[in-house]
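Letter by letter, the chains look like this.
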Amino acid sequence: MSTLAHDDHHDHKPTGLKRWFFSTNHKDIGTLYLIFALVMFFVGGSMAMIIRAELFQPGLQFVDPQFYNSMVTVHALIMIFGAVMPAGVGLANWMIPLMVGAPDMALPRMNNMSFWILPFAFALLISTLFMEGGGPAGGWTMYPPLVLQTGNAFPFLIFAIHFLGVSSIMGAINIIATVFNMRAPGMTLMKMPLFVWTWVITSFLLIASLPVLAGGVTMLLTDKYFGTSFFDAAGGGDPVLFQHIFWFFGHPEVYILALPAFGIVSQVIPAFARKPLFGYASMVYATASIAILSFFVWAHHMFTVGLPIKGELFFMYATMLIAVPTGVKVFNWIATMWKGAMTFETPMLFSIAFVILFTIGGFSGLMLGITPVDFQYHDTYFVVAHFHYVLLTGAIFALMSAVYYWLPKWTGYMYDERLGKIHFWLSLISSNVLFFPQHFLGLAGMPRRIPDYNIQFADFNAISSIGGFAYGITQLLFVYIVIKCALGGKKAKPRVWEGAKGLEWTVPSPAPFHTFETPPKLTKEMLEH
Amino acid sequence: MQRGVKKTTLKLFLFAILMFGFGYAMVPLYDVFCDITGINGKTSRVVENKNQSNVVSDRWVKVKFDANINGNLPWRLKPQVRNMKVQPGKFYEATYIVENILDVDIVGQAIPSVSPQIASLYFKKSECFCFVNQLLKGYETKEMVVRFEVDKELPDDVTSLTLSYTFFRAKAGNS
């Protein structure tokens, strides 16, 4: 292709620190995002290791309860805002311009800014752990009045959230502006790869929900320091109001984490089943309806605050309704594999595991969505098991799948398939040993966010902790595989996987610094899904 | 920068700012919602109703009085009577006694709540010591009066209700 030769000719890039600090190149910024997410994954992961070590047996062994609570709080904030979201944005940065045939993101400078805000935001957040009074320990949901008892860490927490919000909103605007304005001629909306679609919808969720969180935490800030009484009963406010505001953001946030994962799996499964994605249009509509519904179900997180019975029924039925489009998606993934010529390379293994384990998490979510049952499950380990199934074996497995799928495109070398498979199987087994027993703990009544527990919960907690340590160590193997692949190995072809479809496979591996500077001429074959 | 990009970006930024405003709009919306539905135990405050006839229902409802002090406010609060039998449609008076147990002046503020929640829609106060700052000098004791009426429309299955007051230390800069 003549355009490719042209690209190679111009493939000069800035060098040294300047390349990374002042980068406006979508591939470099994507790489920065992904590396940052990996680092945060280990920071948040080591906090999880502290939590599991403390819970290995009943009694207080390693840390005092205050520190334990701050570990639980900061682990959640780091994993959500520091690992899963930036990893998704990193993939979007790397792949969306390549997938729609654009030379770069629409707003490259803003792209640079939205990445470089993140390290500062997390420096603010993590620094609180070393302050007098410790880090924030009221849970990542920051419910007042408890969170208002946070010491010096409080304003740092709030401003870190503000920064993260600003960064994510800028990232989201960038993605929408790119997809709406920079697609190659012929790449109509309904011809876009599903990963692009899920990111467009996720971006809208981000822009609609994060400002509401920003407003909510600003109210917390003024309640604590400026004498307002938004959530203070003494001044006529109501702490339950915060929960409404928080979960109005919080539930769409769940889908902000999950939808990009849906997109990844919708790319990977067709490639290794060697069949087009089953029901492309229904996938787009299902994703959009999940996104819209996500704004009308928030109170299922707060069934126990004393909602009127009509409200509880409304939120219960609305929650059940989300199972319909989600079911459509799971059906389509399975139908894509049906009678496909499947091979099981590492990305495919992670994607299949995603489909199964995310569905398990979906089912426990349905159980939690049933109001009367939720009164028993609320704030127990059942909830912890549920959201770790959808976030760890869901979102993070999909992200792993994406990394293995596109890594050869990024580095130009094949990763070590044998080690990749070992990484998969160890992750699969250990994460289930880690989280499955937590269902039982929850049903038996073990509350979450507690450093000590009754002796009857000891066995399942010990099993869960062993799974946790195994999962944590296994991820070091992942780092080794990625570094090994970046340094060398078998040369990757432009089309790394024989069944892979899409524009990103028409450029050489590794993808040159500049691609599609002149829009590609799209053939019918290039637009297949 | 392409014109299209500029337009999209501007629209999306405006949308984000609008949603920030929506977060704040949830505060009054929530209060209105609670007022209409009567959840949250928030009671309505009315002036004595003139156009209501003086028909008094022949039902008797038990009203219980509850008193709480929040946090570290060094006060004592107790109702003069623990409960009262009232007839819906008629006004009654109840007295709370509040006492400062330290020798410093302290400003407090009371927040009322009625349960069961459904009853709060039918509990009308024409005089109340709540929602305003109350100053108690050192060791001072005060009687505080609440004048109320239970609405005749009170559902039949409600045979007793509780009026609860909680005194908070007033926040600086709050009036």
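Here the structure is a predicted model, which means the values were calculated and not measured.

A.B. asks: What is the right way to look at the overall build of chain A in this model?
C.D. replies: Each helix and strand in chain A was counted, giving 15 helices and 0 strands. The C-alpha radius of gyration computed for chain A amounts to 23 Å, which stays within 12% of the reference 24 Å derived for 529 residues, consistent with globular compactness. By principal-axis analysis of the C-alpha atoms, chain A measures approximately 70 × 50 × 45 Å. Classification of the 529 residues of chain A by burial places 62% in the buried group. The long-range fraction of contacts in chain A, counting pairs at least 24 apart against all pairs at least 6 apart in sequence, stands at 83%. Of the roughly 19,400 Å² of accessible surface on chain A, 72% is carried by carbon and sulfur atoms. When the 27 basic and 25 acidic side-chain charges of chain A are each reduced to a single mean position, those positions are 13 Å apart.

A.B. asks: Mind showing me how you'd approach the side chain of N100 of chain B here?
C.D. replies: Residue and element names in this part refer to chain B. Inspection of the secondary structure puts N100 in strand β5 (residues 91-100). Note on N100: relative accessible area 1%, which makes it buried. Reaching out from N100, the side chain makes a polar contact with the backbone oxygen of V104 at a distance of 2.8 Å. Setting aside anything within four residues of it in sequence, one finds N100 in contact with P74, W75, I106, L136, K137, G138, Y139 and E140.

A.B. asks: I would appreciate a short explanation of the interface of chain A and chain B in the present structure.
C.D. replies: In many reports, interface size means the accessible area that the parts give up when they come together. Contact residues are listed per partner, giving 38 residues for chain A and 28 residues for chain B. The junction of chain A with chain B conceals about 2,800 Å² of combined surface from both sides, 72% of it contributed by carbon and sulfur atoms. Where chain A meets chain B, there are 0 salt bridges. Applying the counting criterion to the chain A and chain B interface returns 2 residue pairs in polar contact (both at pLDDT 80 or more). Contributing elements (two or more residues each) for the side of chain A that touches chain B: α6 (153-181), α7 (194-225) and α8 (239-273) of chain A. With 10 residues, α7 of chain A is the largest single contributor of residues to the side of chain A that touches chain B. Looking at the side of chain A that touches chain B residue by residue, the classes come out as 25 nonpolar, 10 polar and 3 charged.

A.B. asks: How should helix α13 (residues 381-411) of chain A be read in this particular structure?
C.D. replies: Helical geometry: 3.6 residues make up each α-helical turn, so side chains three or four residues apart lie on a common side. Residues and elements named next belong to chain A. Where α13 bends most, the angle comes to about 40°, and this point is Y405, followed within four residues by the proline P408. Where burial is concerned, most of α13 is hidden: 29 out of the 31 residues are buried. Just beyond α13, the residue with positive phi is G412, at close to 85°.

A.B. asks: In this structure, what is going on with the environment of A273 of chain A? I would like to understand it.
C.D. replies: Residue and element names in this part refer to chain A. Tracing the sequence through the fold places A273 in helix α8. Given the relative accessible area of 0%, A273 is considered buried. A sequence separation of 20 residues divides A273 from L293, and the C-alpha atoms of the two residues are 31 Å apart. When neighbours within four sequence positions are excluded, A273 is seen to be in contact with T336, M337, G340, A341, M342 and M348.

A.B. asks: For this particular structure, what's the right way to read the nonpolar core?
C.D. replies: Proteins that are soluble and globular tend to have nonpolar side chains buried together. Judged by nonpolar contacts, the single largest core of 192 residues is most densely connected at F81, F122, M142, W333 and W406 of chain A. By residue number, the principal contributor to this core is helix α4 (residues 65-100) of chain A, which donates 23 residues. For F122 of chain A, the residues in contact, after removing those within four places along its chain, are F36, M40, L77, I78, F81, G82 and L164 of chain A. By size, the runner-up hydrophobic cluster in this structure holds 32 residues, among which are Y122, V150, L154 and L163 of chain B.

A.B. asks: Would you mind showing me how to read a nonpolar patch on the surface here?
C.D. replies: Residues and elements named next belong to chain A. Taken together, the side chains of W425, I429, V433, F436, F440, F460 and I463 define a hydrophobic patch exposed on the protein surface, amounting to about 620 Å² of accessible area. Of all the secondary-structure elements, those providing two or more residues to the nonpolar patch are α14 (417-443) and α15 (458-487). Examining the composition of the nonpolar patch, we find that 5 residues originate from one element, α14, more than from any other. Structurally, I429 is set in helix α14.

A.B. asks: Explanation requested: the side chain of S168 of chain A in the structure shown.
C.D. replies: Residue and element names in this part refer to chain A. Structurally, S168 can be placed in helix α6. You can call S168 buried: its relative accessible area is 14%. Beyond its immediate chain neighbours, meaning those up to four positions away, S168 contacts M85, L206 and L210.

A.B. asks: Explanation requested: the state of the cysteines in the structure shown.
C.D. replies: Covalently bonding the sulfur atom of one cysteine to the sulfur atom of another cysteine gives a disulfide. Within the structure shown, the criterion is met by 1 disulfide over all chains. Residue C128 of chain B pairs covalently with C130 of chain B via a disulfide, S to S 2.0 Å.

A.B. asks: Looking at this structure, I do not really get a positive patch on the surface. What am I missing?
C.D. replies: A grouping of R3, K6, K7 and K11 of chain B is seen on the molecular surface, where their side chains present a positively charged patch. Take K6 of chain B: it is sitting in helix α1 (residues 3-37).

A.B. asks: How do you make sense of unusual backbone geometry when you look at a structure like this?
C.D. replies: Negative phi values dominate among residues other than glycine, just as trans dominates among peptide bonds. All names here are of chain A. Following P144, the chain continues to P145 via a peptide bond in cis, the omega torsion being 0°. With respect to the helices and strands, the residue P145 is situated in the loop between α5 (108-127) and α6. Of the consecutive residues S509 and P510, the connecting peptide bond is found in the cis state with omega at -5°. For P510, the location among the structural elements is in the segment after α15. Phi at D379 is positive, roughly 60°, even though this residue is not glycine.

About the criteria used
Residues numbered from 1 in each chain as written. Chains lettered and ligands numbered in written order. Predicted model: local features only at pLDDT ≥ 70, side-chain atom pairs only at ≥ 80, totals over all residues. Heavy atoms only, no water. Helix = DSSP H or I, 4+ residues; strand = E, 2+ residues; numbered from the N terminus. Rg over C-alpha atoms; globule rule 2.2 N^0.38 Å. Buried < 20%, exposed > 50% of the residue type's maximum accessible area, 1.4 Å probe, protein only. Contact = heavy atoms within 4.5 Å. Areas by Shrake-Rupley, 256 points an atom, 1.4 Å probe, with all protein chains shown as cover. Lys, Arg positive; Asp, Glu negative; His and termini not counted. Charge placed at Lys NZ, Arg CZ, Asp CG, Glu CD. Polar contact = N/O pair within 3.5 Å; in protein donor to acceptor, adjacent residues only side chain to side chain. Buried area = accessible area lost by both parts, 1.4 Å probe. Salt bridge = Lys/Arg side-chain N within 4 Å of Asp/Glu carboxyl O. Nonpolar A, V, L, I, M, F, W, Y, C, P; charged D, E, K, R; others polar. Bend = angle between axes of the 7 residues up to and from the residue. Core = buried A, V, L, I, M, F, W, Y, C linked by side-chain atoms within 4.5 Å. Patch = residues over 30% accessible without salt bridge, like charges linked within 9 Å, V, L, I, M, F, W, Y side chains within 5 Å. Disulfide = S-S within 2.5 Å.

Keep in mind that these numbers describe shape and distance, not what the molecule does.
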